[in-house]
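Each chain, written out:
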Amino acid sequence: MWNKELLAQKNTYYGPFRNEWKYYLSLWDCQPLKERFQTVMQRDPHAVDGLYSIRSLYFDDYWNSSYNDKMAGVNYRKKYRIRIYNCSDTSIRLERKLKLGNYIHKDSARLTRQEYEQIMEGKYDFLLEHKEPLCREFWFECTSNLMRPKVIVDYEREPFVLPEGDVRVTFDSNVRACAPENDLFDPDIPSYEMIPPGKTIMEVKFTEFLPLVIKEIVPPGEQEFSAISKYTLCYEKLYYRTDALFLVSRSERSW
């Protein structure tokens, strides 16, 4: 009961939360799913040949709260990231993802390339005067809780959409971890493969209801259902490098 009450409170304050289900599937299993989704859903118009690449620079505070809360199974948690698409700076977004059980809410604010560079240089003052409330909250996180870059997560996404129920089904593959000091916009950024070959992460997101035509396609029950987090997976690969950055003085690094 308390979960529903908390969800109602968060919906009132932040806006609607969406359902999010994740599955860890083999390519053998996901291919027929893609073919069935394609018959009842639309391809995302932003995808080129059905795909686009996503690259996210994740942040965490001095205590690694986002990582530790996830690993501890805390029901309500949050994480910040800067996200780009296809290695381009035409759309740079600061995002905050709130998680409450299997429900999510995402806030987003557009950044310019110059604003991104200022954040990476540790020059946060402009955020306090930003018109977007999310940027002002991010200023507080950076200045009070020492929010800093932790890891870059890189992958390819194949998305399907359905207006009824605001449904979005995505297949994420070739998930890679990159050190945060790398150039976010470099298409040849050094990286580590994070999931075994032949595996795909399927995500199903919807707002109020899941249409029966979609529900009948989604794998039944809890089989293959997963709480996988790309951030924690990639952070664990590179934590020995990212956390070491805190040992470097401000005089040597701007952040």
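Residues numbered from 1 in each chain as written. Predicted model: local features only at pLDDT ≥ 70, side-chain atom pairs only at ≥ 80, totals over all residues. Heavy atoms only, no water.

Draft legend 1. Molecular detail of the overall build of the protein. Looking only at helices and strands, one finds eight helices and 10 strands in the protein. With 255 residues in all, the protein has 50% of them scored as buried. Summed over its atoms, the accessible surface of the protein is roughly 13,000 Å², and 52% of this surface lies on carbon and sulfur atoms. (Helix = DSSP H or I, 4+ residues; strand = E, 2+ residues; numbered from the N terminus. Buried < 20%, exposed > 50% of the residue type's maximum accessible area, 1.4 Å probe, protein only. Areas by Shrake-Rupley, 256 points an atom, 1.4 Å probe, with all protein chains shown as cover.)

Draft legend 2. Focus on helix α2 (residues 27–40). In this model, α2 (14 residues) spans 20 Å end to end at C-alpha, consistent with the 20 Å of a helix rising 1.5 Å per residue. Taken residue by residue, α2 has Cys30, Leu33, Lys34 and Phe37 as its buried positions. Down the axis of α2, the smallest arc covering the buried residues is 110°, so these residues share one side. Away from its buried face by more than 90 degrees, α2 exposes Trp28 and Thr39. Against β1 (18–26), β7 (148–162), β8 (167–178), β10 (199–206) and α7 (212–215) lie the buried residues of α2. (Expected span 1.5 Å × (residues − 1). Arc of directions from axis to C-beta. Contact = heavy atoms within 4.5 Å.)

Draft legend 3. Summary view of unusual backbone geometry. Not every positive phi belongs to a glycine, and asparagine 86 is a case in point at roughly 55°. Inspection of the secondary structure assignment puts asparagine 86 in the loop between β4 (76–85) and β5 (88–100). Despite not being glycine, cysteine 87 has its phi angle at roughly 60°, a positive value.

Draft legend 4. Broad picture of the side chain of serine 56. Looking at the element boundaries, serine 56 is found in strand β3 (residues 52–60). Side chain to side chain, serine 56 and arginine 83 meet in a polar contact 2.8 Å long. (Polar contact = N/O pair within 3.5 Å; in protein donor to acceptor, adjacent residues only side chain to side chain.)

Draft legend 5. Representation of the confidence of the model for the protein within the structure. Across the protein, the average pLDDT comes to 87, with 85% of residues at 70 or higher. Segment residues 244–255: pLDDT under 50, and 20 contacts once partners within four positions in sequence are set aside and those in other chains are kept. (pLDDT = per-residue confidence, 0-100.)

Draft legend 6. Representation of the nonpolar core. Phe59, Ile82, Tyr116, Ile119, Phe138 and Leu184 are the most contacted members of the largest nonpolar core, which totals 25 residues. Listed by contribution, the elements that provide at least two residues to this core are β3, β4, β5, β6 (103–111), α4 (113–120), α5 (125–128) and α6 (133–144). When residues of this core are assigned to their parent elements, the largest contribution, four residues, is made by α6. (Core = buried A, V, L, I, M, F, W, Y, C linked by side-chain atoms within 4.5 Å.)

Draft legend 7. The pattern of salt bridges, seen in detail. For the structure shown, the criterion picks out 23 salt bridges. Several salt bridges share partner residues, and in doing so they unite Glu20, Lys97, Lys99, Arg157, Asp172, Glu203, Lys205 and Lys230 into one network. (Salt bridge = Lys/Arg side-chain N within 4 Å of Asp/Glu carboxyl O.)

Draft legend 8. Structural view of a nonpolar patch on the surface. On the surface, Tyr62, Trp63 and Leu146 cluster together to form a nonpolar patch covering roughly 340 Å² of accessible area. Of note, tryptophan 63 is situated in the loop between β3 and α3 (65–72). (Patch = residues over 30% accessible without salt bridge, like charges linked within 9 Å, V, L, I, M, F, W, Y side chains within 5 Å.)

Draft legend 9. Representation of the packing of aromatic side chains within the structure. Applying the stated rule across the entire model yields 12 aromatic pairs. Here tryptophan 21 and phenylalanine 206 contribute two aromatic rings whose centre-to-centre distance is 5.2 Å and whose plane-to-plane angle is 85°, an arrangement assigned as edge-to-face. Within this pair, whereas tryptophan 21 is found in strand β1, its partner phenylalanine 206 is found in strand β10, the two being separated by 185 residues in sequence. Both rings, one in phenylalanine 37 and one in phenylalanine 160, keep their centres 6.5 Å apart while their planes meet at 35°; by these two values the pair is tilted. (Phe/Tyr/Trp six-rings, centres within 6.5 Å; stacked < 30°, edge-to-face > 60°.)

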